[in-house]
Amino acid sequence: MADLHIVVLAAGKGTRMKSSVPKVLHRVAGKPMIGYVLDAAARLAPTTTTVVVGHQLDAVKAALPAHPGLRVVVQEPQLGTAHALLTTESVLQGAKGILVLLSGDVPLLSSDTLKTLVERHAATGAAATVVTALVQDPTGYGRIVRSGDQIARIVEEKDASPTERGIREVNGGIYAFTLDGLFDAVRSVAPDNAQSEYYLPDLVAVYRQQGRNVETITVSNSDEIQGINSRFELAAVSRIVRQTKNTELMAAGVTIEDPDTTYIDSGVEIGADTVIHPCVTIAGRTAIGSGCEIHSGVQVVDSLIGDRVTIRNHCVIAGASIAHDATVGPFTHLRPDVSIGEHAKVGNFVEMKNTVLGAGSKAMHLSYLGDTVIGSNVNVGAGTITCNYDGVRKHKTTIKDGAFIGSDTQLIAPVTVGEGAYVGTGTTIREDVPAGALAVSAGRQRNIEGWVEQKKKKAAK
Ligand code: UD1
Ligand code: CA
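**Re the site of ligand 1**
With respect to spatial proximity, 25 residues lie near ligand 1, and among them G12, Q75, T81, E156 and N171 are the closest. For ligand 1, an oxygen atom lies 2.8 Å from a polar atom in the backbone of A11. The contact in question runs from an oxygen atom of ligand 1 to an N or O atom on the backbone of N171, over 2.6 Å. Expressed as a share of its isolated accessible area of 740 Å², the protein-covered part of ligand 1 is 90%. When atoms are counted within 2 Å of each cavity's grid points, the one that captures over half of ligand 1 is the largest pocket. At the level of elements, β1 (4–10), α3 (81–86) and β10 (169–178) are the ones that each hand at least two residues to the shell around ligand 1. At three residues, the largest contribution of residues to the shell around ligand 1 is made by β10. The residue inventory of the shell around ligand 1, partitioned by class, reads nine nonpolar, twelve polar and four charged.

So, in structure tokens, the structure goes:
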């Protein structure tokens, strides 16, 4: 096989996005759109991969930690797609073989199509091979003008005649080029068009005039070449990605009650017989086991959830792990580094951060538990608060196995409640409680008989 070099164009301003963020960093189902392009490219095991970026070089580089071997070149100013390709000439000096050019804003192109593109290009020995598609609505794309079966040129929408605008075969913006002679040919592209830009698609006409062969491959699923130029198209492509993910999960045995309102990132794993109710978001690096039930309004991010876990409505769970058979919610907020043990139960209006809740333990109502290690079979009463922050530092609370924390307890950390200890309702714990002890801090109750009546009389005077 000939050497394969990949160039990804990502320097365009993305004017139509109306954004201060580079267009290729806008996220499609949780991942920057250029990440999809680079993932597909990586599957071809190319010799080199070069990304052409605009002024926000550092932002683009920082967003691509998963692609360490990339070469990045800056195109400044951005004078068009042909000009963008020219900026890679110096890094590709002496390179031989095939150059595959990808657009950072065309995320759904499959690696299978890329493989076909490379194979076809190598087999025909063409100077260029263009990926095309037949679409219902060609608006915005370059149109493929053929003479007989052969591609003759590509005309951009803004430069097209009314007849040419009627052509439904469009340019996907993805090409394979034979590197030999490529940059010289690109240099002969002139910016005489409606946008005064150097158009890479003009290379087709250049080659055809030179009598060189230009081939096309046409994708059967036009979603693959759907470009993203606006927020509207960003939403359209995101919808396709979501539907694909939901379809895969359903095929693997997950019940998704309403796929239209279920937002699951592509990297998420979910086991069979888990049921997902409407309006659920599952994002990032999340894995959910089998037989779980995730109710409406739940958002799960970067979390690990075991089997047969129930998450009731309107929970926000980020960076947590929840073991088998646990129950969470409704209205629970689990923040990073929370670990919920097997068969544990967390109820409404409970917030946890950096906290372990042991197996079989319960925190059912209105609590804040932060920087806390709770053993197994502990009962955390309603309104329990760990006072973990003294204004400067965070401190740890430890509650040992089998302890019982009465309602409305404040635990002023650092503090430890021993195994099996009882904390009376309304207690402020400032010192450690020994195992098996009862801790109470509230004063003895006093009733003043007739007090209300006397107060009323005083007010009337
Ligand atoms: C381009 C093609 C069009 C094709 C469509 C497919 C041109 C002139 N037109 O149009 O035929 O149907 O893609 O999606 O190529 N870029 C740079 N530097 C620049 C300009 C653009 O790196 O100076 C990058 C952009 O970031 C983008 C890609 O090249 O990733 C395509 O540019 P864009 O402006 O989106 O071209 P389209 O109008 O979509
Ligand atoms: Ca585009």
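**Structural notes on the state of the cysteines**
Under the criterion given, the structure shown has zero disulfides. Its sulfur unpaired, C292 is 13 Å from the next cysteine sulfur, which belongs to C315. With relative accessibility at 2%, the residue C292 sits in the buried group.

**Some words on the pattern of salt bridges**
Following the criterion strictly, the structure yields eleven salt bridges and no others. Among the ionic pairs, R308 bridges to D325, the shortest N-O distance being 2.7 Å. Here the residue R308 occupies a position in the loop between β20 (304–305) and β21 (310–311), and D325 occupies one in the loop between β23 (320–322) and β24 (327–328), the gap between them amounting to 17 residues. Salt bridges sharing partners connect three or more residues here, namely E89, D184 and R187.

**Overview of empty space enclosed by the protein**
With the rule as written, the count across this model stands at one cavity of 30 Å³ or more. Taken as a whole, the largest cavity spans an internal volume of roughly 40 Å³. As for the largest cavity, its lining consists of Y36, V37, A40, L102, V106, P107, L108 and L109. If you tally residues by element for the lining of the largest cavity, the top one is helix α1 (residues 33–42), at three residues. Its residues assigned to classes, the lining of the largest cavity shows eight nonpolar, no polar and no charged.

**With respect to the coordination of the calcium ion (ligand 2)**
Taken together, D105 (OD) and N229 (OD1) make up the full set of protein donors to the calcium ion (ligand 2), lying 2.2 to 2.4 Å away. Here the residue D105 occupies a position in the loop between β6 (98–103) and α4 (111–124), and N229 occupies one in the loop between β11 (214–219) and α8 (231–251), the gap between them amounting to 124 residues. The exposure classification of D105 matches that of N229, with both residues buried.

**Quick notes on the nonpolar core**
If you look at the biggest cluster of nonpolar residues, it comprises 47 residues, and the most contacted ones within it are I322, I340 and M352. Those elements that provide at least two residues to this core are β16 (280–283), β23, β26 (338–340), β27 (345–357), β28 (362–374) and β34 (415–417). Looking at this core, the element that brings in the most residues is β27, giving four residues. Contacts of M352, omitting those with residues within four sequence positions, involve H333, L334, R335, V338, I340, V346, L357, A363 and L369.

**What to know about α4**
For α4, which comprises 14 residues, the first-to-last C-alpha distance of 20 Å matches the rise-based estimate of 20 Å (1.5 Å per residue) to within 8%. Residues of α4 that are buried: S111, T113, L114, L117, V118 and H121. Taken around the axis of α4, the buried residues stretch over an arc of 160 degrees, which confines them to a single face. Projecting away from the buried face of α4 at angles above 90 degrees are the exposed residues D112, E119 and A123. Along its buried surface, α4 packs onto β1, α1, β6, β7 (128–134), β10 and β11. At the C-terminal side of α4, G125 shows a positive phi close to 65 degrees.

Each value, and the rule that gives it
Residues numbered from 1 in each chain as written. Chains lettered and ligands numbered in written order. Predicted model: local features only at pLDDT ≥ 70, side-chain atom pairs only at ≥ 80, totals over all residues. Heavy atoms only, no water. Near = heavy atom within 4 Å. Polar contact = N/O pair within 3.5 Å; in protein donor to acceptor, adjacent residues only side chain to side chain. Areas by Shrake-Rupley, 256 points an atom, 1.4 Å probe, with all protein chains shown as cover. 1 Å grid on protein atoms, 1.4 Å probe; cavity = no way out; pocket = protein on both sides within 12 Å on 5 of 7 lines; lining within 4 Å. Sits in = over half its atoms within 2 Å of the grid points. Helix = DSSP H or I, 4+ residues; strand = E, 2+ residues; numbered from the N terminus. Nonpolar A, V, L, I, M, F, W, Y, C, P; charged D, E, K, R; others polar. Disulfide = S-S within 2.5 Å. Buried < 20%, exposed > 50% of the residue type's maximum accessible area, 1.4 Å probe, protein only. Salt bridge = Lys/Arg side-chain N within 4 Å of Asp/Glu carboxyl O. Points joined across faces, edges and corners; volume = space filled by probe spheres on them. Donors = N, O, S within 2.8 Å, 3.2 Å for Na, K, Ca; no water. Core = buried A, V, L, I, M, F, W, Y, C linked by side-chain atoms within 4.5 Å. Contact = heavy atoms within 4.5 Å. Expected span 1.5 Å × (residues − 1). Arc of directions from axis to C-beta.

Remember that the coordinates give geometry; whether it matters functionally is a separate question.
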